[in-house]
Structure formats: C-alpha cells, structure tokens
Amino acid sequence: MLYKAFQDKQISLLGMGNMRLPTKEVDGANVIDWEKGKEIIDYAYKNGINYFDTAFRYHGGESELFIGDALSRYPRDTWYLASKFPGHMMKYEDHKLGFKGYLSNFHCDAPSDIFGEQLEKCKVDHFDFYLLHNVCESSFDFYTNEELGVVEYFKQMKAEGKITHLGFSSHGRAETIDAFLTKYKGVFEFVQIQLNYLDAKLQDAMNKYKVIYEKHGIPVIVMEPVRGGRLINLPEASEKKLKAAAPEATTASWAFRYFQNLPGVMVVLSGMTAMEQIVENVELFSKEQPLSAAELALLDEIVDDMLKLVPCTGCRYCTEECPMGLDIPKLIALYNEEKNEGSMLAFNMDTGKEAEDPSRCVGCGACSGICPQNIDVPSIMQEFASILESKKK
Ligand code: SF4
Ligand code: SF4
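All values derive from a computational prediction rather than experimental measurement.

Criteria and thresholds
Residues numbered from 1 in each chain as written. Chains lettered and ligands numbered in written order. Predicted model: local features only at pLDDT ≥ 70, side-chain atom pairs only at ≥ 80, totals over all residues. Heavy atoms only, no water. Domains from an automatic or database assignment. Near = heavy atom within 4 Å. Nonpolar A, V, L, I, M, F, W, Y, C, P; charged D, E, K, R; others polar. Phe/Tyr/Trp six-rings, centres within 6.5 Å; stacked < 30°, edge-to-face > 60°. Buried < 20%, exposed > 50% of the residue type's maximum accessible area, 1.4 Å probe, protein only. Lys NZ or Arg CZ within 6 Å of the ring centre and 35° of its normal. Helix = DSSP H or I, 4+ residues; strand = E, 2+ residues; numbered from the N terminus. Pairing = 2+ DSSP bridges. Axes fitted to C-alpha atoms, helices over the stretch in contact; angles between N-to-C directions. Expected span 1.5 Å × (residues − 1). Salt bridge = Lys/Arg side-chain N within 4 Å of Asp/Glu carboxyl O. Patch = residues over 30% accessible without salt bridge, like charges linked within 9 Å, V, L, I, M, F, W, Y side chains within 5 Å. Areas by Shrake-Rupley, 256 points an atom, 1.4 Å probe, with all protein chains shown as cover. Lys, Arg positive; Asp, Glu negative; His and termini not counted. Charge placed at Lys NZ, Arg CZ, Asp CG, Glu CD. Core = buried A, V, L, I, M, F, W, Y, C linked by side-chain atoms within 4.5 Å. Contact = heavy atoms within 4.5 Å.

1. Quick look at the domain arrangement of the protein
Then comes step 1: As far as domains go, the protein holds domain 1 (3-301) and domain 2 (317-392).
Then comes step 2: Computed from C-alpha coordinates alone, the two centres of domain 1 and domain 2 are separated by 31 Å.

2. A short note on the site of ligand 1
Then comes step 1: Neighbouring residues of ligand 1: Cys322, Pro323, Met324, Leu326, Ile328, Cys361, Val362, Gly363, Cys364, Gly365, Cys367 and Pro378.
Then comes step 2: Here the residues of the shell around ligand 1 sort into 10 nonpolar, 2 polar and no charged.

3. Some details on the packing of aromatic side chains
Then comes step 1: Applying the stated criterion across every chain, the model contains 27 aromatic pairs.
Then comes step 2: Taken together, a centroid distance of 6.0 Å and an interplanar angle of 85° make the contact between Tyr184 and Phe188 edge-to-face. Residue Tyr184 shares its accessibility class with Phe188, and that shared class is buried.
Then comes step 3: Three or more aromatic residues joined by ring pairs form one cluster here, namely Phe140, Phe142, Tyr143, Phe168, Phe180, Tyr184 and Phe188.
Then comes step 4: Positioned over the ring face of Phe56 is Lys121, at 5.5 Å from the centre of the ring.

4. Examining the pairing of strand E14 (residues 265-270)
Then comes step 1: Most of E14 is tucked away: 6 of the 6 residues are buried.
Then comes step 2: Sheet topology places strand E3 (residues 14-17) next to E14; 3 bridges connect them, and they run parallel. Residue pairing for E14: Met16 is matched across the bridge by Ser270.

5. Details of the pairing of strand E9 (residues 96-99)
Then comes step 1: Sheet analysis places strand E8 (residues 90-93) next to E9, joined by 4 bridges and oriented antiparallel. Along E9, the bridge assignment pairs Lys91 with Gly98.

6. Examining unusual backbone geometry
Then comes step 1: Positive phi is not limited to glycine here, since Asp94 has a value of about 50°.
Then comes step 2: Topologically, Asp94 is positioned in the loop between E8 and E9.
Then comes step 3: Non-glycine residue Glu224 carries a positive phi angle of around 55°.

7. So, the sheet that holds strand E6 (residues 51-53)
In a beta sheet, neighbouring strands pair by backbone hydrogen bonds and run either parallel or antiparallel.
Then comes step 1: Judged by pairing direction, the barrel is parallel, and its 8 strands sit side by side in the order E3-E6-E7-E10-E11-E12-E13-E14 before closing back on the first. Direction aside, neighbouring strands of the sheet carry axes that sit 30° apart on average.
Then comes step 2: Sheet analysis places strand E10 (residues 127-132) next to strand E11 (residues 163-170), joined by 5 bridges and oriented parallel. By the bridge assignment, Tyr130 is partnered in E11 with Leu166.

8. Section: the site of ligand 2
Then comes step 1: Taken together, Cys312, Thr313, Gly314, Cys315, Arg316, Cys318, Pro329, Ile332, Cys371, Pro372 and Gln373 make up the full set of residues near ligand 2.
Then comes step 2: Of the residues contributing to the shell around ligand 2, the split by class is 7 nonpolar, 3 polar and 1 charged.

9. A few points about helix H17 (residues 377-392)
Then comes step 1: Across its 16 residues, H17 extends 23 Å between first and last C-alpha, which sits within 8% of the 22 Å expected from 1.5 Å per residue.
Then comes step 2: Along H17, the residues that are buried comprise Val377, Pro378, Ile380, Met381, Phe384, Ala385, Ile387 and Leu388.

10. Overview of the pattern of salt bridges
Then comes step 1: Per the counting criterion, the structure on display carries 22 salt bridges.
Then comes step 2: The closest approach of N and O atoms between Glu224 and Arg20, which form a salt bridge, is 2.8 Å. Placement of the pair is Glu224 in the loop between strand E13 (220-223) and helix H9 (236-245) and Arg20 in the loop between E3 and strand E4 (23-26), with a sequence separation of 204 residues.
Then comes step 3: In this structure Arg20 comes out as partly exposed when scored by relative accessible area, which is 33%.
Then comes step 4: Each of Glu175, Arg316, Asp327 and Lys330 takes part in one network of salt bridges that share partners.

11. Quick word on a negative patch on the surface
Then comes step 1: A surface patch of negative charge is lined by Asp109, Asp113, Glu117 and Glu120.
Then comes step 2: With respect to the secondary-structure elements, Asp109 resides in the loop between E9 and helix H3 (111-121).

12. Quick notes on the nonpolar core
Then comes step 1: Grouped together as the largest cluster of nonpolar side chains are 95 residues, with contacts concentrated most on Phe52, Phe85, Leu132, Phe154, Phe180, Phe188 and Leu195.
Then comes step 2: If you look at the next biggest cluster of nonpolar residues, it comprises 18 residues, including Cys318, Cys322, Cys367 and Val377.

13. Things to note about helix H8 (residues 205-215)
Then comes step 1: When H8 is considered as a whole, its buried residues turn out to be Ala205, Met206, Lys208, Tyr209, Val211 and Ile212.
Then comes step 2: Contacts made by the buried residues of H8 are with helix H6 (174-183), strand E12 (190-194), helix H7 (199-202), E13 and E14.
Then comes step 3: Looking one or two residues past H8, Gly217 carries a phi angle of roughly 70°, positive in sign.

Dropping the structure here:
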C-alpha cells in the first residue's frame, strides 16, 4: 500500500469510503449487509488501508453504526476514522436548528447533539478526521452563522481532543472554497472534493485542487475518483483508445493512477461495494505508477471526446455587454455540466441571484456579437432556463 505523510501520520493513499457498502433487503427496506461489508473492511484493513470515511447521513445513518462496529475489532491506534457534520442539510431560523426536507422528525438544539451521537454510534471517544459536510454556495451562510457558531464549536471539540484533524468537504465552486479557507485561515487542515480526470475539467475540479493545495497549502482528499462508475464504464470509442494504448490495463487503473500525478492528494476514497473492487484497488495502490505525459495527453483526449462542451473560455467579454448583468460564463459552465453528466445544480446554483437566472435573458444578442468563440449565448440561456423550469415541476 502506498502511504502519504500528513503531519505525524502516514495515511494510506487508498481510503475506504462507506457510502456504497453492500446492501440487502430486510422487511422491504434496503439495509447494509453487515456480513459482506465486514469482509470488505477486513480485507481493507489487512491490506494496509488505514483511512475510513463515513458521514452522518450515509446509508440513512447506518453507515456510522456499521463502520464503528467493524473497526472496533481492531486496535484503536491502527486506523483513522473520518465522519462529517451534516450542515449542508440543516437550517437555522428563529434561533432553531432543523433539517431541510430530510429527517424532518429529527430535532436538535445545537451541533453538540449530533456530534455526541456520532461519537456514540461509531464507538469512539474521538474522530481522527472530522469534516463539515459540503461547504458550498447553499450552505455557506449556515456554516458561517456566528450566532450558531458551528466552526467555533468544532474548534472547541478539537481543543478538547474529540477531533484530531478538522476539515471540510465541498461540492461548491473554487471561489467558495477559497472564501471559506480565507475566512477561517489556519482552522481547516484538509479539504475533500470530487476530483477525477473528467471532473478536473467538467466541474472545474483542477482549479479547486489548485486553490486548496497550491494557494492554501492544504492537502486534498478525493471523493468520486471514478465518478460513481462512469470512468469504469466508458463510452466504447474511449475505451478502445485506452485499450490500444495499454491492452492489459483496466479503465479503473487509468482513473486511479491519475492521482499519483497530483502531489496534493492525500487520500483517494473509493466506495467499494464488492470484494473484486477492493482486491483490484488494493493492487493498483500497491506500487508507484504515475501516468506518463503521453498517457495524460490521452486522458485529455478521452475527456474531450466525452464532453460535448460549449467552448466558453471564461474570458468574460460578454458579461460587460449584457444589459441584464447575467454571469454568462458561470451559467455556461453549469449548463455544460447539466447537459453532459447530470445535475449538481442543486449544490452549485445560487438560485436567489439575479445574475444566475438564465430566464432573465432578453435575447438582445449583445453577448454573441462580442464572443470570440462565436457562441450562440441567447439560445443557450433559453434552453437552460427551460431545463431549470422543468426541474422545478
Ligand atoms: S442575449 Fe441574453 S445573455 Fe446575451 S447579452 Fe442579451 S440579455 Fe445578456
Ligand atoms: S465572450 Fe464567449 S467565451 Fe468569453 S465568457 Fe462570454 S460566452 Fe464565454
């Protein structure tokens, strides 16, 4: 197993995600198959994986119970456990804390209610790594609300030794991550983002990586390294190209080796559902094998094949011309993502902002007139507006 140094620790580069554990049906409900799940955890542990990631909401709350129990069979100082505070699903109104359309019958008065329960469920007296779950455009105000004091509370938990390392995960934009890290300089020690060779471009994940690691000097934990299987089951033409370059290599090996070229990546989390996956992944992470320049160029080509992107370069010439003040490049980036890979719009759109409402486009064409890429912006705004409208229904 390859390891990365993090402060006084050596962390396995392959981490075990606990969001997609094997499941079975019991009384009509889909629950974790503890027996199969434990076989996977045992294999992970015995083959050098020492980083295990869960969250309050994974598997409807059962993931924390499962992983806490599975790991409790091994000495506490031989594994690291990470969990997350579900602030992205919470609201704080009229001095009351509650959930946004999820667990509506769950009541709590303060972050301490949830955190205390998590420690208990996981059978630990401290979390080695603890994250604010998904700091993004729609959760930023919640996490920074001073009256509620989420960050202050978790700083206190760290001071008391109940958290060893504090970080956050994010599906937000690079600017949002930057703003949060800048506001809380020195507080967060790692950031977890969705990164893989496709999202590096599609979700602007390479810029997020650069903000976190190069600008703020903080290591990155990767989630969705194969984009929920998308990079395993590639389009036929893309797969053929990879096979031609390396007949023996699997599509997974291309996706995972990519991270060996990124020095800021501390852990690559993989949610391994079956034994075959973990066996292959452990093997892939057992030796140094970064991609060559030619192999990276081939992945770039594959990405371009896969994406039918509107070729906006983000130059922003158009935004100066738009009488409605629309943030055209931002809207095109979201449109690209929506069209190509399904939606992260719920996380990434600030629907309250007039600049991010494509239905405000009046079709004047001033943008297209100046666009060096000759993009038909009004048509895109119109189509994007109808996509959003249909999602509301
Ligand atoms: S066509 Fe729409 S997006 Fe383009 S400048 Fe006019 S109002 Fe703005
Ligand atoms: S002018 Fe064209 S390329 Fe530049 S940001 Fe606007 S749409 Fe994108």
